[in-house]
Amino acid sequence: MKRNPLKSLNTTKGAIICLVLIVGVVAYFAYLSSRNREADAEAAMSAAQLVLSRDLENNYPPTVKEVMKYYVDIQKCLYTDECGEEEIEQLGMKARALYDDELLAANDVTFHLLQLKEEITSFQEDSRKITAASVASSANVDTFTDDGYEFARIHCMYTVLDGGQSNLVDMVYLLRRDEGRRWKIYGWDLAQNVNPTD
């Protein structure tokens, strides 16, 4: 009995196609598994680690609102999460990277970080924490020029849990544009103390 060469060829083709399909399915599931591991690793990062991972040298926030959103994220990490001393220092340095040169000159780094640690310790001892924070919309940014500098004023609202009671704290931040066209925090105060016509 003679073997049919076409039948043998069809069987070989079928085996190769099945093999390619199996390899493709295995590769696809390996890809999905890898993506899930990456997503899990990112989800496992704490809020503080995510904030600290931002490279401000190459990825500085481009607008007043974005600067303040990043600053508020730093504040929430400091006053909400249980940060260790090293994380507090790192977050404090990230906040300082958003400060105007005049504000930096008025706040020695060592003293500033020491004061920050004491304030956070006091916050924790009094069982206070920031439970929410929001930045005003870009449409509500008040910009003006003074003495040749561009300034911007923006409101940030913090919800602070204090002894089981929530309090709203309305802060006004003043930012100044530096020579590199970056908005830097120049100062802040409670909204009730700020007269916008000044």
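Described below are features of the structure shown in this document. Numbers given to residues run from 1 along each chain, matching the order in which its sequence is written. Two thresholds apply to this predicted model, a pLDDT of at least 70 for residue-level local features and 80 or more for giving and counting side-chain atom pairs, whereas whole-chain, interface and lining totals are computed over all residues. The basis for every side-chain value is the complete set of heavy atoms in the structure, and neither hydrogens nor water enter the calculation.

The subject of this paragraph is the pattern of salt bridges. Counted as salt bridges are all cases of a side-chain nitrogen of Lys or Arg within 4 Å of a carboxyl oxygen of Asp or Glu. For the structure shown, the criterion picks out 10 salt bridges. K69 is paired through a salt bridge with E66; the nearest N and O atoms lie 3.7 Å apart. Here K69 pairs with E66, and both are found in helix α3 (residues 64-80), just three residues apart, close to one helical turn. Note that E150 is salt-bridged to R177, the shortest N-O span being 3.3 Å. Here R177 lies in strand β4 (residues 165-177) and E150 lies in strand β3 (residues 149-162), a separation of 27 residues in the sequence. Residue classification places E150 among the partly exposed positions, given a relative accessible area of 31%. Helix and strand definitions here come from DSSP, where helices need a minimum of 4 consecutive H or I residues and strands a minimum of 2 consecutive E residues; each element is numbered from the N-terminal end. When a residue's accessible area, from a 1.4 Å probe over protein chains only, is under 20% of the maximum for its type it is buried; when over 50% it is exposed; and in between it is partly exposed.

A few words now on helix α6 (residues 109-125). For an α-helix, 3.6 residues make a turn, and residues three or four places apart therefore share a direction. Expected span of a helix: the number of residues minus one, times 1.5 Å. With 17 residues, α6 extends 24 Å between its outermost C-alpha atoms, agreeing within 8% with the 24 Å of an ideal straight helix rising 1.5 Å per residue. The criterion used for residue contact is that any of the two residues' heavy atoms lie within 4.5 Å. Residues of α6 that are buried make contact with α3, α4 (85-96), β1 (128-135) and β3. Polar contact is defined as a pair of N or O atoms within 3.5 Å, subject to the rule that within protein one atom must be able to donate a hydrogen and the other to accept it, and that residues adjacent in sequence are counted only when both atoms are side-chain atoms. Sitting at the amino-terminal end of α6 is D108, which places a side-chain oxygen 3.2 Å from the backbone nitrogen of T110. Note on α6: the residue one or two positions beyond its end, S127, has a positive phi of about 55 degrees.

Let us now look at the pairing of β3. By the convention used here, strands pair only if DSSP detects at least 2 bridges between them. Two strands pair when backbone bridges link them, and β1 and β3 are joined in this way by seven bridges, in the antiparallel orientation. Paired with V135 across the strands is C156, a residue of β3. By the bridge criterion, five bridges tie strand β2 (residues 142-146) to β3 in an arrangement that is antiparallel. The residue of β3 that forms the bridge with T145 is E150.

Nothing here speaks to function; it is all geometry.
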